[in-house]
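Fold and geometry: a report
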Amino acid sequence: MRLPEGLLEQAQHLARREPKRPKQASLRRAISTAYYALFHLLISEAILSWKRVEDRDDLARMFEHTNMKTVCANKRDELNGEFKKTKKTTLPAHELTVKTHLHLVAETFVQMHQQRENADYDYSTAWARTDVVAKVATVDAAFKSWKAIRKEDIAQAFLFTLLQKKRR
Amino acid sequence: MPVVPSGIVHQRQVAAAIQKAAQALQPEVVRILYSLTLDSTGTAAIFFRVLLSDEASREDRLYETTQRISRKIIDIVKPMEKFGMEAYFNFRSASEQAKLKDAAWE
């Protein structure tokens, strides 16, 4: 099993580890682990496009959390604008499907980037199992969406942009 | 010159839009609370705390329910479009809140 899928499975396990009285530690680690599952999924996919296999591990270290979040937020906003402008029904079915999947991936990354910060560093609020199960399920859906579009040009172009340093 | 997000300036409009969303989402949503602050990257943000009925919190459809509710809130409130704010969502069930007795969710 690859690291991203292993992390997602671990997050699913942690979210349900104590069904009746969930420990805050389990819930917080589930959120954090689910975020890292998506983070590593995107990086592991991005580096596959680098031809020199021996350089891929070094390339993987060049991705930065905050840059990736900014790129994802920009992509989500761009797609929202496109959906609104063209009305979803006028887009060709395949293009709409691909863009809807990519939107879910980008939006989930934005959400989970912040939720991971809260889970790891913010003591001020308690986590509830309902929230954690829903968020881990969203990451699972983002994995499925990514797998459905990973070979599409728009998906490959998106991976490349994750290395860029852009301002919102 | 620093740019203040519209959501900070127009807090009454934000509150009214959220009230409208909460009404539209009854009975699945018991109430929606929120905080206006910055997220971890310094972007102005609304953090929604959505209290779900126990019926709406059923695990077998939790993903669909929370996605649908988030979309509906965004459609009504338009946090980015109207107020220039990123939106984040947290959910919990009424029975979880009854146990946790978290003042931020009351």
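Located above this text is the structure these notes cover.
Just so it is clear, the structure is predicted and the values come from calculations on it, not from any experiment.

Some details on the overall build of chain A
Across its full length, chain A carries seven helices and zero strands. Beginning at the N terminus, the succession of helices and strands in chain A can be written as α-α-α-α-α-α-α. For chain A, whose C-alpha radius of gyration is 17 Å, the value lies close to the compact-globule estimate of 15 Å for 168 residues. Over its C-alpha atoms, taken along the principal directions, chain A stretches across nearly 45 × 45 × 30 Å. In chain A, which comprises 168 residues, the share counted as buried stands at 39%. The contacts in chain A between residues at least 6 apart in sequence include a share of 82% that link residues at least 24 apart.

Description of the interface of chain B and chain A
Interface size is often expressed as the accessible area that is lost when the parts come together. Between chain B and chain A, the residue contacts involve 20 residues of the former and 19 residues of the latter. Of all the secondary-structure elements, those providing two or more residues to the side of chain B that touches chain A are helix H3 (62-77), strand S3 (86-93) and helix H5 (94-100) of chain B. When residues in the side of chain B that touches chain A are grouped by element, the largest group, five residues, is from S3 of chain B. Tallied by class, residues from the side of chain B that touches chain A come to eight nonpolar, seven polar and five charged.

Details of the environment of Gln-67 of chain B
All names here are of chain B. One can find Gln-67 in helix H3. Gln-67 gets classed as partly exposed once you count the C-beta atoms within 10 Å, which come to 17. In this structure the C-alpha to C-alpha distance between Gln-67 and Lys-99, which are 32 residues apart in sequence, comes to 25 Å.

What about the sheet that holds strand S1 (residues 29-38) of chain B?
Hydrogen bonds between backbone groups are what pair the strands of a sheet, and the pairing can be parallel or antiparallel. The strand order across the open sheet built from three strands is S1-S2-S3 (chain B), with neighbouring strands paired in mixed fashion. On the outer flanks of this sheet lie S1 and S3 of chain B, each paired with one strand and no other. Each neighbouring strand pair of the sheet contributes to a mean axis angle of 20°, computed without reference to strand direction. Bridge count for strand S2 (residues 44-52) of chain B against S3 of chain B is eight bridges, and the pairing is parallel. Bridging from a neighbouring strand, Leu-52 of chain B pairs with Ser-93 of chain B of S3 of chain B. Here helix H6 (residues 129-149) of chain A sits on the sheet and contacts S2 and S3 of chain B; the angle it forms with S3 of chain B, its principal contact strand, is near 125°.

Points about unusual backbone geometry
All names here are of chain B. Residue Pro-27 is reached from Gln-26 by a cis peptide bond, and omega for that bond is 5°. Residues other than glycine seldom take positive phi values, yet Lys-78 does so here, at roughly 50°. Relative to the assigned elements, Lys-78 resides in the loop between H3 and helix H4 (79-83). On the basis of neighbour counts, which here come to 13 C-beta atoms within 10 Å, the residue Lys-78 falls in the partly exposed class. For Lys-101, which is not glycine, the phi dihedral falls at a positive 45°. Along the chain, Lys-101 falls in the segment after H5.

Focus: the nonpolar core
Ala-11, Ala-30, Ala-34, Ala-37, Leu-38 and Val-139 of chain A together with Phe-48 of chain B are the most contacted members of the largest nonpolar core, which totals 69 residues. Per-element tally for this core: the top contributor is helix H2 (residues 24-47) of chain A, with 13 residues. With near-sequence residues (within four places) excluded, Val-139 of chain A lies in contact with Leu-8, Ala-11, Ala-34, Ala-37, Leu-38, Thr-108 and Met-112 of chain A.

What counts, and at which threshold
- Residues numbered from 1 in each chain as written.
- Chains lettered and ligands numbered in written order.
- Predicted model: local features only at pLDDT ≥ 70, side-chain atom pairs only at ≥ 80, totals over all residues.
- Helix = DSSP H or I, 4+ residues; strand = E, 2+ residues; numbered from the N terminus.
- Rg over C-alpha atoms; globule rule 2.2 N^0.38 Å.
- Buried ≥ 20, exposed ≤ 12 C-beta atoms within 10 Å, placed from the backbone.
- Contact = placed C-beta atoms within 7 Å.
- Nonpolar A, V, L, I, M, F, W, Y, C, P; charged D, E, K, R; others polar.
- Pairing = 2+ DSSP bridges.
- Axes fitted to C-alpha atoms, helices over the stretch in contact; angles between N-to-C directions.
- Core = buried A, V, L, I, M, F, W, Y, C linked by C-beta atoms within 7 Å.

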